[in-house]
Amino acid sequence: MSEVRKWYSKLLPSLKPYLYSSGGPIIAVQVENEYGSNKPCDAGHFDYLVQLKEIYREHLGDDIVLLTVDGDSYKLAQCGNIDGMYSTVNFGSGGDISSKFMVQRKKEPRGPFVCSAFFSGWLDHWGHKFAKTGAEHLAGGLKDVLEFNGKTASVSMYMFHGGTNFAYMQGGRGDWNNATTTAYPRLWGKMTSYDYDAPLSEAGDTTWKYQLLRDVISNYSKIHEVPENTTKQHVGPVLLEKFIDIFDMVKLLPQYDPECVVESEFPLPMEQMGQNHGIVVYQTTIPDAVSLPANIDIELYGDRVYVMTEDGDVQISSRNRPYKTFPVNQRKLYILVEDNGHSNTGHVRYSYKYYQKGIIGNVTANSQILSGWTAFLISNCMPRGPYERNLKVSSMWRELFSKHGQKKTKPGQNKSKYGRRESKQEEDEGTVSLTKRSVQRGEKGFIPTFYRGDASLMIENDTYVDTQGWGKGILTVLYDSGDHHEDVNLGRYWPLAGPRRDSSLLVQVLT
């Protein structure tokens, strides 16, 4: 809890002037979210909530209401709340609203009925179908909530506005229910888009769902005029060509930033090397005492692994697949590991190692433990999200680009206006299409490669990057405007996994 105390000692005092007791608008503060879903529900479990309450009271005083929220189950409410915090519920549309609120009333005999998170849609995972909530169904559910108990219930919608998981921050969902204490639990990575099928789309545009909810709310509260949706700009095609493959990149990286290189006797997880997300490349040499071809076994890894040799042999697997041995025929061994997002929930019966990223444990060749490893922290040396600018990283990439110049293209431009993209035709009206060529292919798979494309653009409005036909990767934009430089890691793309094959990334932060 020391890090929590350190952070809250800065955050909470900044809120105190805005509390209701100080004449501000904050009438309550939510302390935890669905903590009752974490197991086991024992004394140690509640000690965490006790410490949280003490921290909040220390910085905000006794005049503010502290809330917790859990699912509409009394057992969850019991495990997610302690005395001195007001228990609320969350749920989606459908079912008997009264029975859901009665869960809260059983835990809280007095006080207002509060749905702290009324789900407007759901989050999406790579390789799964899009989660959709019908607009009419949601509007009917909201009406039931607002009519409940003589129109006295309070409700907060989650999400009302879709969003974007920039860079590597999309998180994941651990398959804890179907795992065992001896098996490595699967993890489903969430998508870059956090559109959530929300009333306001990822781009902030109104939708049919928004209009129906607005009609419902107008019967209970004054509503205002709705601004028009923003204009989307069509930029046109930008050619992407091979810039540098991963083998050359790890050779250059020590020259540009030695801090992105870590040497160790045995491979270390990402977190122990100071990188929490993204990609790490591990390199070692198989000793002469081990005969070739050698069978490579990795004890544990999180979450997707590429076992590579410089002859172009690339073998891929992930923690969600059955265990795999990798046969190699060269002594210089590279293992690229990419995380699929840290699990948003967990279970104490699993060791911490199941939550770590990178290589966790030993790597063997024909059952002999390999030592003498060099790790290249690729993502620590790449641009981050829109609010994590790193001047050192920015300068490094611009220097790399200056030594690998390309001709610039000037695509045509036009503008269009639309909300959530419902058809391919609409997408073509507001996208920048990036086309790859000069693909480097190894004997068994694609060598991970950096591609680049240069274009002189005047981006005045939001646009989308169309990644249709691509494989799996990360898209970064280095944007120069006079003396202003902006580097943004837009996030991951993986259209082949879906849920939509004409995948797109929103470019909004550059405007």
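The shown structure was predicted, so the numbers you read here are calculated from the model rather than taken from an experiment.

What follows deals with the side chain of asparagine 229. When you line up the elements, asparagine 229 lands in the loop between α6 (208-217) and β10 (231-234). A distance of 2.8 Å separates a polar side-chain atom of asparagine 229 from the backbone nitrogen of threonine 206.

Core analysis: the largest hydrophobic core is formed by 29 residues, its most contacted members being Ile246, Leu253, Val281, Met308, Ile378, Trp397 and Phe450. Elements with a contribution of two residues or more to this core: β11 (238-245), α7 (246-256), β13 (279-285), β15 (304-308), β18 (332-338) and α8 (391-402). Sort the elements by how many residues they give to this core and α7 lands first, with six residues. By size, the runner-up hydrophobic cluster in this structure holds 25 residues, among which are Ala294, Leu333, Ile359 and Leu377.

This model, assessed by the stated rule, comprises two disulfides. The disulfide partner of cysteine 41 is cysteine 79, and the S-S distance across this bridge is 2.2 Å. On the S-S bond that ties cysteine 41 to cysteine 79, the torsion sits near -110 degrees, and the link is left-handed. Taken together, the positions of cysteine 41 in the loop between β1 (28-33) and α2 (43-60) and cysteine 79 in helix α3 (residues 74-79) put the pair 38 residues apart, joining distant regions of the chain. By relative accessible area, which is 35% here, cysteine 41 ends up partly exposed. Given a relative accessible area of 6%, cysteine 79 falls into the buried group. Between cysteine 260 and cysteine 381 runs a disulfide, and the two sulfur atoms are separated by 1.4 Å. Its S-S torsion of approximately 115 degrees makes the covalent link between cysteine 260 and cysteine 381 right-handed. With cysteine 260 in the loop between α7 and β12 (261-264) and cysteine 381 in the loop between β21 (373-376) and α8, this residue pair connects regions lying 121 residues apart in the sequence.

Inspection of the entire model under this criterion finds 11 salt bridges. For lysine 6, the salt bridge goes to glutamate 3, with nearest N and O atoms at 3.6 Å. A residue pair is termed a helical-turn pair when its members lie 3 or 4 positions apart in one helix, as lysine 6 and glutamate 3 do in helix α1 (residues 2-15) at three residues. Lysine 6 sits in the exposed class, given a relative accessible area of 52%. Residue class for glutamate 3 comes out exposed when judged on its relative accessible area of 52%. We note a salt bridge from glutamate 338 to lysine 472, for which the minimum N-O separation is 2.7 Å. Taken together, the residues span a long stretch of sequence, with glutamate 338 in strand β18 and lysine 472 in the loop between β25 (463-466) and β26 (473-481) at a distance of 134 residues. Each of the salt bridges in this network shares a partner with another, and the network as a whole consists of Glu338, Asp339, Lys472 and Arg492.

Here the focus is the sheet that holds β1. Spatial ordering of the open sheet is given by β1-β2-β3-β4-β5, a layout of five strands whose pairing is parallel. Strands at the two margins of the open sheet, each flanked by one partner only, are β1 and β5 (154-158). Averaged over all pairs of adjacent strands, the angle between their axes in this sheet comes to 30 degrees, without regard to strand direction. Here strand β2 (residues 65-71) runs beside strand β3 (residues 86-92); their pairing, made up of five bridges, is parallel. The residue of β3 that forms the bridge with aspartate 70 is valine 89. In this fold helix α4 (residues 97-107) packs onto β3 and β4 (114-119), with an angle of close to 165 degrees to the strand it touches most, β3.

To continue, consider the pairing of strand β19 (residues 358-365). For β19, the buried fraction is high: six of the eight residues fall into the buried class. Note that strand β14 (residues 294-302) and β19 share six bridges and pair antiparallel. In the strand pairing of β19, isoleucine 296 is matched with alanine 365. Sheet topology note: the β19/strand β20 (residues 368-369) ladder contains two bridges and is antiparallel. Looking across to β20, one finds that alanine 365 is bridged to glutamine 368. The antiparallel pairing of β19 with β20 creates a hairpin that spans two residues between the two strands, and asparagine 366 there sits at a positive phi of about 50 degrees.

Looking at where arginine 5 falls in the secondary structure, it is placed in helix α1. You can call arginine 5 partly exposed: its relative accessible area is 33%. With near-sequence residues (within four places) excluded, arginine 5 lies in contact with Gln51, Glu54 and Ile55.

Most of β4 is tucked away: six of the six residues are buried. Where β3 and β4 come together, four bridges link them in parallel fashion. If you follow asparagine 90 over to β4, its bridge partner there is alanine 117. As paired elements, β4 and β5 share four bridges and run parallel to each other. Looking at β5, one finds that valine 114 is bridged to serine 154. Taken together, β4, helix α5 (residues 135-151) and β5 form a β-α-β motif whose crossover is right-handed.

Across the junction of leucine 292 and proline 293, the peptide omega takes the value -5 degrees, indicating a cis bond. Here proline 293 lies in the loop between β13 and β14. Across the junction of glycine 302 and aspartate 303, the peptide omega takes the value 10 degrees, indicating a cis bond. Along the chain, aspartate 303 turns up in the loop between β14 and β15. Located in the positive-phi region is lysine 151, a residue other than glycine, with phi close to 60 degrees. As for its placement among the helices and strands, lysine 151 is situated in helix α5. The phi angle at tyrosine 196 is positive, at roughly 65 degrees, despite the residue not being glycine.

This part takes up the side chain of asparagine 489. Assignment of secondary structure puts asparagine 489 in strand β27 (residues 484-493). Within polar-contact distance, the side chain of asparagine 489 engages the backbone nitrogen of glycine 491 at 3.0 Å.

Thresholds, definitions, all that
- Residues numbered from 1 in each chain as written.
- Predicted model: local features only at pLDDT ≥ 70, side-chain atom pairs only at ≥ 80, totals over all residues.
- Heavy atoms only, no water.
- Helix = DSSP H or I, 4+ residues; strand = E, 2+ residues; numbered from the N terminus.
- Polar contact = N/O pair within 3.5 Å; in protein donor to acceptor, adjacent residues only side chain to side chain.
- Core = buried A, V, L, I, M, F, W, Y, C linked by side-chain atoms within 4.5 Å.
- Buried < 20%, exposed > 50% of the residue type's maximum accessible area, 1.4 Å probe, protein only.
- Disulfide = S-S within 2.5 Å.
- Salt bridge = Lys/Arg side-chain N within 4 Å of Asp/Glu carboxyl O.
- Pairing = 2+ DSSP bridges.
- Axes fitted to C-alpha atoms, helices over the stretch in contact; angles between N-to-C directions.
- Contact = heavy atoms within 4.5 Å.
- Right-handed = clockwise from strand over helix to strand, strands pointing away.

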